[in-house]
Amino acid sequence: MAKTTTHRITADLPLQPAKGQEGETIYLKVDVTFTYLPGNPGVRTHRNGDPGWPPDPAEIELVSVVLIDRRKPGDPVTEADLERPAPAELKLMAENWLADEGYDLACQLAERERHGDWE
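Predicted model, so just to flag it, every value in this text is computed and none were measured.

*Asks:* Explanation requested: the overall build of the chain in the structure shown.
*Replies:* Within the chain, the secondary structure is distributed over three helices and five strands. Secondary structure of the chain in N-to-C order comes out as β-β-β-β-β-α-α-α. Residues counted as buried form 27% of the 119 residues belonging to the chain. Residue pairs at least 24 apart in sequence account for 63% of intrachain contacts in the chain once pairs closer than 6 positions are excluded. Of the roughly 8800 Å² of accessible surface on the chain, 50% is carried by carbon and sulfur atoms.

The following block contains the structure:
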């Protein structure tokens, strides 16, 4: 049985303008910590002809998300600073990112860290 491991990745999460308001999408830079449980590739058929089993995908679960503040004291306040989401909203954004566009990237990172396979 494979072991669950914990990993961290930096991501840019899109923050859409509020409904009814115009504006561009703002990207929030965050550190996402997640757990990773490798999937099972499955078996089509056994050597003796018995049917195999379908593959199981890897499992990823959000542990935490932290907004990275790149501003230095004295920097001007930008629109992105005014549009910071509440912690619950930021968590939901990170969960959605991990479940969708960030899934493959998170799996690749976790596999590389598990096997020490860095190019």
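Still to come is the rest of the account.
*Asks:* Help me understand the pattern of salt bridges in this model?
*Replies:* Any two side chains of opposite charge can pair, so long as their charged atoms come close to each other. What the rule picks out here adds up to three salt bridges. Between Asp 31 and Arg 8 there is a salt bridge, and its shortest N-O distance comes to 3.9 Å. Taken together, the positions of Asp 31 in strand S2 (residues 26-37) and Arg 8 in strand S1 (residues 5-15) put the pair 23 residues apart, joining distant regions of the chain. Given a relative accessible area of 18%, Asp 31 falls into the buried group.

*Asks:* What is the right way to read helix H2 (residues 87-99) from this model?
*Replies:* One turn of an α-helix holds 3.6 residues; hence residues three or four places apart share an orientation. With 13 residues, H2 should cover 18 Å at 1.5 Å per step; its first-to-last C-alpha distance of 18 Å lies within 8% of that length. Taken residue by residue, H2 has Leu 90, Met 93, Ala 94, Trp 97 and Leu 98 as its buried positions. Taken around the axis of H2, the buried residues stretch over an arc of 130°, which confines them to a single face. Every exposed residue of H2 that faces more than 90 degrees away from the buried side is listed here: Ala 88 and Ala 99. Contacts made by the buried residues of H2 are with S1, S2, strand S5 (59-67) and helix H3 (103-115).

*Asks:* Please clarify how the nonpolar core should be interpreted in this entry.
*Replies:* The nonpolar side chains of a soluble globular protein tend to be buried, and buried together. The biggest cluster of nonpolar side chains holds 22 residues, and the ones touching the most others in it are Leu 13, Val 30, Val 32, Phe 34 and Leu 98. Other than its neighbours up to four places away in sequence, Val 32 contacts His 7, Arg 8, Ile 9, Leu 62, Ser 64, Val 65, Ala 94 and Leu 98.

Basis of the calculations
- Numbers given for residues are sequential positions, taken from 1 along each chain in its written order.
- Local features in this predicted model are restricted to residues whose pLDDT is 70 or higher, and side-chain atom pairs enter the listing and the counts only when it is 80 or higher, whereas totals over whole chains, interfaces and linings include all residues.
- Only heavy atoms go into the side-chain values, all of them from the structure, while hydrogens and water stay out.
- A run of H or I in DSSP counts as a helix once it spans at least four residues, and a run of E counts as a strand once it spans at least two, with each numbered from the N terminus.
- Each residue is placed in one exposure class: buried if its accessible area under a 1.4 Å probe, protein chains only, is under 20% of its type's maximum, exposed if it is over 50%, and partly exposed if it falls in between.
- It only takes one pair of heavy atoms within 4.5 Å for two residues to be counted as in contact.
- Throughout, the Shrake-Rupley method with a 1.4 Å probe supplies accessible areas, and for residues the shown protein chains are the sole cover considered.
- The salt bridge definition used is simple: a Lys or Arg side-chain nitrogen within 4 Å of an Asp or Glu carboxyl oxygen.
- Expected span of a helix: the number of residues minus one, times 1.5 Å.
- This arc corresponds to the set of directions leading from the helix axis out to the C-beta atoms.
- Nonpolar cores were defined as sets of buried Ala, Val, Leu, Ile, Met, Phe, Trp, Tyr and Cys residues, with membership established by side-chain atoms within 4.5 Å.

Purely geometric numbers; function is a separate question.
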